[in-house]
Amino acid sequence: MSRTSNLRPDMARLWATLARSAEIGATPRGGLRRLALSQEDGEMRRQFQDWCEAAGCTVAIDAVGNMVALRPGREANGKAVLVGSHLDTQIKGGRFDGILGVLAGLEIIRTLNDHNIETRLPIAVVNWTNEEGARFEPPMIGSAVFTGAKSAQFAWDRTDKDGITLGAALEEIGFKGDAVIGPQSYDSLFELHIEQGPRLDDQKIQLGIVTGAFGVRGFVVEVLGETGHVGPTPMPQRRNALVGAAHVTLAVEEIGWLLHPTGGKSTTMRLKAEPNLLGILPDRVEMTCDMRHPSEEVVQAHLQMFLDRIPELEEKSRCRIAVRESWTYGGISFDAGCTALTRQAAQDLGYSHQDMLTEAGHDAMHVAHAVPTAMIFTPCEGGLSHNEAENVTLADIEPGVNVLLRAVLARAG
Ligand SMILES: [Zn+2]
């Protein structure tokens, strides 16, 4: 039996670390509001850096604020095994979404230190910048810059609702670094995350082995009508952009119900009306929609179905309707080798587990394009997430943290 086969993380220490994180940006209703690059995010980042340095790691920060804490390995120039997720939250977020994955990575390093265990490859804990996209859009921007899918300049130029750029916010909290953090230095990534859905909790399954991700299509629809007085303008003469938006919303919802039997969904998630004032018919609405399905082909076919319905929606609403912007992500499989390590660890430790796809977006989905990647899901109470009441117990997360430790050790040697 090897020295590491009985190795266990210190769950009480991890729980206390999570509790400290839960104080930074705490909301009155027990959640967190720690928007990317806010003062609270800055405070959490400094706390994380202090913890990592106290554990003997060197912390590197890149141009967009991605933080990587490195614990060296025996191979001086070995590529590091990355472990981590994100420390930012939604506007009314929970205490575990993303945070668990980062702080579990820190706990792995602390555990290895406790037992004086040296690994062949270095191990590094990562905190990706702006995963949530609640302040700066798009979400998962730090990991997109890491892979080269987006440039640092693109990230710096994003603005929040007050017109503050991501670049200025980084400088404000002192997290615009000059380290080069890219795929060439990393062997693999393991991301532990709460499921954010009810499947594991409902079935009382301890772990999700995430084999890949749903195919996602996002798109912005512009509806153009004409302004007019809401009183005198006769009904037949109106071209109310909000009526067009209502028809679009219902069409998107109908497609959601068509996707539902095979596990898909479709959502209208945002709407901006102009001029959005009393007494005047709105002449422009911009709305953002999203379709997700386990199969890339199916999600693509249903997006086409929506596009084909546009002439009918235009006729019903007397508005002009067009898709102005669209994006695609997900529809990927995680690395078979890394995933097998997580599944093997779950089996060896006797935990109930199930293969599943992630329906939510995660940094791991960007990173998987550049570095072998695996994800592990841990149950969360009622599947509730992006909500202040998001909750897990120590018993819920213990299997996930143990499997993470084992899989990372197996990979790092
Ligand atoms: Zn997350």
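Residues numbered from 1 in each chain as written. Predicted model: local features only at pLDDT ≥ 70, side-chain atom pairs only at ≥ 80, totals over all residues. Heavy atoms only, no water.

Visitor: Before we move on, can you summarise the state of the cysteines with the specific residues and values?
Guide: Working definition: the covalent bond between the sulfur atoms of two cysteines is a disulfide. Counted according to the given criterion, the structure contains zero disulfides. As a non-bridged cysteine, Cys 319 has Cys 289 as the owner of its nearest cysteine sulfur, 15 Å distant. (Disulfide = S-S within 2.5 Å.)

Visitor: An account of the packing of helix H8 (residues 241-259) against helix H9 (residues 296-317) is requested, with residue identities and associated values reported.
Guide: Taken N-terminus to C-terminus, the directions of H8 and H9 make an angle of 150°; their axes are 10 Å apart at the nearest point. Accordingly, the angle class assigned to the pair H8 and H9 is roughly antiparallel. Between H8 and H9 lies a crossing whose hand is right-handed. Across the interface between the two elements, Val 243, Gly 244, His 247, Val 248, Ala 251, Val 252, Glu 254, Ile 255, Leu 258 and Leu 259 of H8 pack against Val 298, His 302, Met 305, Phe 306, Arg 309, Leu 313, Lys 316 and Ser 317 of H9. (Axes fitted to C-alpha atoms, helices over the stretch in contact; angles between N-to-C directions. Helix = DSSP H or I, 4+ residues; strand = E, 2+ residues; numbered from the N terminus. Parallel < 35°, antiparallel > 145°, perpendicular 65-115°, else oblique. Left-handed = near helix turned anticlockwise from the far one by under 90°. Contact = heavy atoms within 4.5 Å.)

Visitor: Any chance you could break down the sheet that holds strand S8 (residues 265-274) for me, citing the residues and the numbers?
Guide: If you walk across this open sheet you meet the four strands as S8-S9-S7-S10, and the pairing is antiparallel. Both outer strands of the open sheet, S8 and strand S10 (320-330), are each paired with one neighbouring strand and no more. Across this sheet, the average inter-strand angle for adjacent strands is 15°, counted without regard to direction. Where strand S7 (residues 215-224) lies against strand S9 (residues 284-293), 10 bridges are found, and the strand directions are antiparallel. Bridge pairing in S9 links Gly 218 to Asp 290. Each of S7, S8, S9 and S10 is contacted by H8, which is oriented at about 170° to S8, the strand it contacts most. Strands S7, S9 and S10 of the sheet are contacted by H9, whose axis makes an angle of about 10° with S7. (Pairing = 2+ DSSP bridges.)

Visitor: Describe the coordination of the zinc ion, naming the residues involved and giving the relevant values.
Guide: Donor atoms from the polypeptide that coordinate the zinc ion comprise His 86 (NE2), Asp 97 (OD) and His 193 (NE2), at 2.0 to 2.2 Å from the metal. Counting residues between consecutive donors of the zinc ion along the chain gives the motif H-x10-D-x95-H. Note that Asp 97 is positioned in the loop between strand S3 (80-85) and helix H3 (99-114) and His 193 in strand S5 (residues 186-194), a separation of 96 residues in sequence. Taking the relative accessible area as the measure of exposure, Asp 97 reaches 5% and is therefore buried. (Donors = N, O, S within 2.8 Å, 3.2 Å for Na, K, Ca; no water. Buried < 20%, exposed > 50% of the residue type's maximum accessible area, 1.4 Å probe, protein only.)

Visitor: Quick one: what's the story with the sheet that holds S3, residue by residue and with numbers?
Guide: Pairing in this open sheet of eight strands is mixed, and the strands run S1-S2-S4-S3-S5-S12-S6-S11 from one edge to the other. Strands at the two margins of the open sheet, each flanked by one partner only, are strand S1 (58-61) and strand S11 (353-358). Between one strand axis and the next, the sheet turns through 25° on average, direction left out of account. Where strand S6 (residues 207-213) and strand S12 (residues 373-378) come together, three bridges link them in antiparallel fashion. Within S12, the position partnered with Gly 208 by the bridge is Phe 377. Here H3 sits on the sheet and contacts strand S2 (67-71), S3, strand S4 (123-127), S5 and S12; the angle it forms with S4, its principal contact strand, is near 155°. Sheet strands in contact with helix H12 (residues 394-412) are S3, S4, S5, S6 and S12, and its direction is about 175° off that of S5.

Visitor: How would you summarise unusual backbone geometry if you had to cite specific residues and measurements?
Guide: Residue Pro 138 is bonded to the preceding Glu 137 through a cis peptide linkage, with omega at 0°. Mapped onto the secondary structure, Pro 138 falls in the loop between S4 and helix H4 (141-147). The backbone phi angle of Lys 204 is positive, close to 55°, even though this residue is not glycine. With respect to the element layout, Lys 204 can be found in the loop between helix H7 (199-203) and S6. On the basis of relative accessibility, which here comes to 62%, the residue Lys 204 falls in the exposed class. With a phi close to 50°, His 386 is a non-glycine residue in the positive phi region. In this structure, His 386 sits in the loop between S12 and H12.

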